[in-house]
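Chain by chain, the residues run as shown.
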Amino acid sequence: MRGWVSLFQAMRKPRAAVGSGHRKQAASQEGREKRALSSSQAKPSGPDGLARQPEEVVLQASISPYHLFRATDEVTAFRGKLLSWYDREKRDLPWRRWAENEVDLDRRAYAVWVSEVMLQQTQVATVINYYTRWMQKWPTLQDLASASLEEVNQLWAGLGYYSRGRRLQEGARKVVEELGGHMPCTAETLQQLLPGVGRYTAGAIASIAFGQATGVVDGNVVRVLCRVRAIGADPSNTVISQQLWRLAQQLVDPARPGDFNQAAMELGATVCTPQSPHCSQCPVQSLCRAHQRVEWEQLSASRSLLGSPDVEECAPTTGQCQLCLPTTEPWDRTLGVANFPRKASRRPPREECSATCVLEQPRALGGARILLVQRPKSGLLAGLWEFPSVTLEPSEKHQYKALLQELQSWAGPLPAAHLRRLGEVVHIFSHIKLTYQVYGLTLEGQTPVTTTPPGARWLTREEFHTAAVSTAMKKVFRVYEGQQPGTCKGSKRSQVSTPSSRKKTSRGQQVLDSFFQPLVSTDAPIPNSVAK
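Below or above, wherever it landed, is the structure these notes cover. Here the residue index of a chain counts from 1 through its sequence in written order. Two thresholds apply to this predicted model, a pLDDT of at least 70 for residue-level local features and 80 or more for giving and counting side-chain atom pairs, whereas whole-chain, interface and lining totals are computed over all residues. Hydrogens are left out, water is left out, and the side-chain values use all remaining heavy atoms of the structure.

Let us now look at the overall build of the protein chain. Only DSSP runs of H or I with at least four residues qualify as helices, and only runs of E with at least two residues qualify as strands; both kinds are numbered from the N terminus onward. Assigned secondary structure in the protein chain consists of 20 helices and 8 strands. Counting every position in the protein chain, which comprises 532 residues, the buried fraction comes to 47%. Partitioning the contacts of the protein chain with sequence separation of at least 6, the portion at a separation of at least 24 is 69%. Each accessible area value is a Shrake-Rupley result obtained with a 1.4 Å probe; residue values ignore everything except the protein chains displayed when judging cover. Working note: accessible area of the protein chain is about 26300 Å², and carbon and sulfur atoms make up 51% of it. Three exposure classes are used, based on accessible area relative to the maximum for each residue type with a 1.4 Å probe and protein chains only: buried under 20%, partly exposed in between, and exposed over 50%. By the convention used here, residues are in contact when the closest approach between their heavy atoms is within 4.5 Å.

Those residues of helix H5 (residues 94–101) lying buried are Pro94, Trp95, Arg96 and Ala99. Of the surrounding elements, those touching the buried residues of H5 are helix H4 (72–89), helix H6 (105–119), helix H7 (124–137), helix H12 (199–210) and helix H15 (257–270).

What follows deals with the packing of aromatic side chains. Only the six-membered ring of Trp is used, alongside the rings of Phe and Tyr, when aromatic pairs are assigned; centres must lie within 6.5 Å, and planes under 30 degrees apart are stacked while those over 60 apart are edge-to-face, with the rest tilted. If you walk through the whole model with that rule in mind, you get 10 aromatic pairs. Ring geometry for Phe78 against Phe260: centres 6.3 Å apart, planes inclined by 55 degrees, an arrangement best described as tilted. One end of the pair, Phe78, is in helix H4; the other, Phe260, is in helix H15, with 182 residues separating them in the sequence. Of the two residues, Phe78 and Phe260, neither departs from the other in class, the shared state being buried. Ring geometry for Phe464 versus Phe477: centroids 4.7 Å apart, planes at 50 degrees, classification tilted. In this pair, Phe464 sits in helix H18 (residues 461–466) while Phe477 sits in helix H19 (residues 471–482), placing the two residues 13 residues apart along the sequence.

Here we take up the side chain of Gln437. Inspection of the secondary structure assignment puts Gln437 in strand S6 (residues 432–442). Residue classification places Gln437 among the buried positions, given a relative accessible area of 4%.

Here we take up the pattern of salt bridges. What counts as a salt bridge is simple: a side-chain nitrogen of Lys or Arg found within 4 Å of a carboxyl oxygen of Asp or Glu. Applying the stated criterion to the full structure yields 16 salt bridges. A salt bridge links Arg229 to Glu74, with the shortest nitrogen-to-oxygen separation between them at 3.4 Å. Placement of the pair is Arg229 in the loop between helix H13 (219–228) and helix H14 (238–251) and Glu74 in helix H4, with a sequence separation of 155 residues. A relative accessible area of 0% places Arg229 in the buried class. The class for Glu74 is buried, based on a relative accessible area of 17%. Between Glu297 and Arg333 there is a salt bridge whose closest N-O contact spans 3.2 Å. With Glu297 in helix H16 (residues 289–301) and Arg333 in the loop between H16 and strand S1 (350–361), this pair connects stretches of sequence that are 36 residues apart. You can call Glu297 buried: its relative accessible area is 9%.

For the rest of this paragraph, the subject is the environment of Ala472. Structurally, the position occupied by Ala472 is in helix H19. Spatially, the C-alpha atoms of Ala472 and Val425 are 7.9 Å apart, while their sequence positions differ by 47 residues. When sequence neighbours within four positions are dropped, the list of residues in contact with Ala472 reads His427, Phe429 and Tyr436.

Trans peptide bonds make up the majority, and among non-glycine residues the majority have a negative phi. In this model, Phe340 is joined to Pro341 through a cis peptide bond whose omega is -15 degrees. Structurally, Pro341 can be placed in the loop between H16 and S1.

This part covers the packing of helix H9 (residues 149–156) against helix H10 (residues 163–178). Direction vectors running N to C along H9 and H10 enclose 140 degrees, while the axes themselves pass 9 Å from each other. In terms of axis orientation, H9 runs oblique to H10. Here H9 runs over H10; the crossing is right-handed. Judged by residue contacts, Leu149, Val152 and Trp156 of H9 engage Arg164, Gly165, Arg166 and Gln169 from H10. Basically, the charged four are Asp, Glu, Lys and Arg, the nonpolar ten are Ala, Val, Leu, Ile, Met, Phe, Trp, Tyr, Cys and Pro, and anything else, Gly included, counts as polar. Of the residues belonging to the contact of H9 with H10, the class tally is 3 nonpolar, 2 polar and 2 charged. Simply put, an axis is a line fit to the C-alpha atoms, just over the touching stretch for a helix, and the angle between two N-to-C directions goes from 0 to 180 degrees. Put simply, angles under 35 degrees are roughly parallel, angles over 145 are roughly antiparallel, angles from 65 to 115 are roughly perpendicular, and the rest are oblique. Note: crossing handedness is left-handed where the near helix turns anticlockwise from the far helix by less than a right angle, and right-handed where it turns clockwise.

In this section: the pairing of strand S5 (residues 420–428). A large share of S5 lies buried, amounting to 7 of its 9 residues. Criterion used throughout: strands pair if DSSP finds at least two bridges between them. Bridge count for S5 against S6 is 8 bridges, and the pairing is antiparallel. Paired with Arg420 across the bridge in S6 is Gly440. Counting the residues in the hairpin turn of S5 and S6 gives 3 residues.

Among the secondary structure elements, Asp92 is positioned in the loop between H4 and H5. A distance of 2.9 Å separates a polar atom in the side chain of Asp92 from a polar atom in the side chain of Arg97. Polar contact is defined as a pair of N or O atoms within 3.5 Å, subject to the rule that within protein one atom must be able to donate a hydrogen and the other to accept it, and that residues adjacent in sequence are counted only when both atoms are side-chain atoms.

Nine residue types can take part in a nonpolar core, namely buried Ala, Val, Leu, Ile, Met, Phe, Trp, Tyr and Cys, and a core is a set of them joined through side-chain atoms within 4.5 Å. Counting residues in each nonpolar core, the largest one holds 116 residues, and the members touching the most others are Trp134 and Met183. Looking at this core, the element that brings in the most residues is H6, giving 9 residues. Setting aside anything within four residues of it in sequence, one finds Trp134 in contact with Tyr110, Val114, Met118, Leu144, Val152, Leu155, Trp156 and Leu168.

A rise of 1.5 Å per residue sets the reference length of H19, with its 12 residues, at 16 Å; its end C-alpha atoms lie 17 Å apart and thus fit the reference within 8%. Of all the positions in H19, only Ala472, Met473, Lys475, Val476, Phe477, Val479, Tyr480 and Gly482 are classed as buried. By this rule the span expected of a helix is its residue count minus one, scaled by 1.5 Å.

Another point: the packing of H5 against H6. For the pair H5 and H6, interaxial distance at closest approach is 8 Å and the crossing angle is 165 degrees. Comparing the axis directions of H5 and H6 gives the class roughly antiparallel. The chirality of how H5 crosses H6 is left-handed. Here Trp95, Trp98 and Ala99 of H5 come into contact with H6, specifically with Arg107, Arg108, Ala111, Val112, Ser115 and Leu119. Across the contact of H5 with H6, the residue classes break down as 6 nonpolar, 1 polar and 2 charged.

A few words on the state of the cysteines. A pair of cysteine sulfur atoms is labelled a disulfide when the two atoms are within 2.5 Å. Going through the model one piece at a time under the given rule, you end up with 0 disulfides. Among the cysteines around Cys288, which has no disulfide bond, Cys282 carries the closest sulfur, lying 6.3 Å off.

Structure follows, in structure tokens:
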């Protein structure tokens, strides 16, 4: 711990208050911090002071100046137009108000950090309520560090990408326990010292909270830069991504870096959108290569046009420009500026299948209760609660017994004759398309189960809705509720189907269903060990 504190203190710099508009710059020791973090072996650098990798040198030699900002006045104009627009049009968002009004720099940086982590892969409208509740519950790093993972998962439930919340808390604990409660204040130290903080998040915190003149590149900024400089190559390519980061660093306003970065993201989110961008509302339209190309195409298509329009085009000095549209995907007039950037083909999510069961005790003491079990501490949905489930694999010979055995491992002997298949839920994670075969089992007329092994709990329906459960499990429960007497069917938004609505049942499902058909006319419990 002492080693981390010493390292952190050595890299820390004096910080001044930063205003909500034109922020005052903190006294900078950035050069000293970079030397502390850099390798002992010097690397070749360019005019902007950034270390050059061999592939970057090759890239610089194979692209046209057409894709760059070559003149200082062009950069100045871009900054001024974008910031003036942002001052007029920016959305009123809770994390912006928090960062603008908070005087304490550590608390401000924490507020920005939380928002940036929540906004990863998640829409602003979804995040607002989660962010507000989070900051009300844990307004400081110390508050979050003292919370339990169960509490964090419970508040994060439904927001998706659950590892983000866990890493956020891990980072808060590291700041409190190892860094003296003070946030690192440069992009370099943020990325080096805090778990789960990558290049973008570090740059956002450093620029917005501490006023460091560092650029950021997220999906919105990628789209803006690719269109402004007509970059049609795949932005996920390493060398293209490096060029986008260079452009962002070149453009960031040193007087208002945080506002500039937020303005670039705001432009991509509200005006320069993926489809149907609002070019007439764009403050940097006059500097946009993509818009110039659209106008050129429109003029070229006009029958009344005499001669060729005088519009600058890419003219690489050697070979094919690496930033232009690939020759295999030429300009599409129907797309307009949306030709830039071209999306890389994504691999379809792998498909998995799971059987899950809602096990309920309607006559339990204190009211009806349902069984939830906790997922492992690592992997998908780590630490969250779910209904007892098993993964179905075609190669597993006895998969039809797996669900019942899983249920009995948590709740003891059960009446298999009452196990009913209720429908199907499809939930898509970032890389997995998971199909849940939903079952229900109601323990009517049985002695209530009052004890459970570690990792399981019986909850009321009200407790279920506030527990740390995933959106997929909430969909599963809607299917169960829709099949109970006196309740309505599940919502169409749940992407569910019931046996009567499905057109075809797979062979594996037929085998599973046939096993769960009533085999005897009595409700006698089946022992834990099921005969093969």
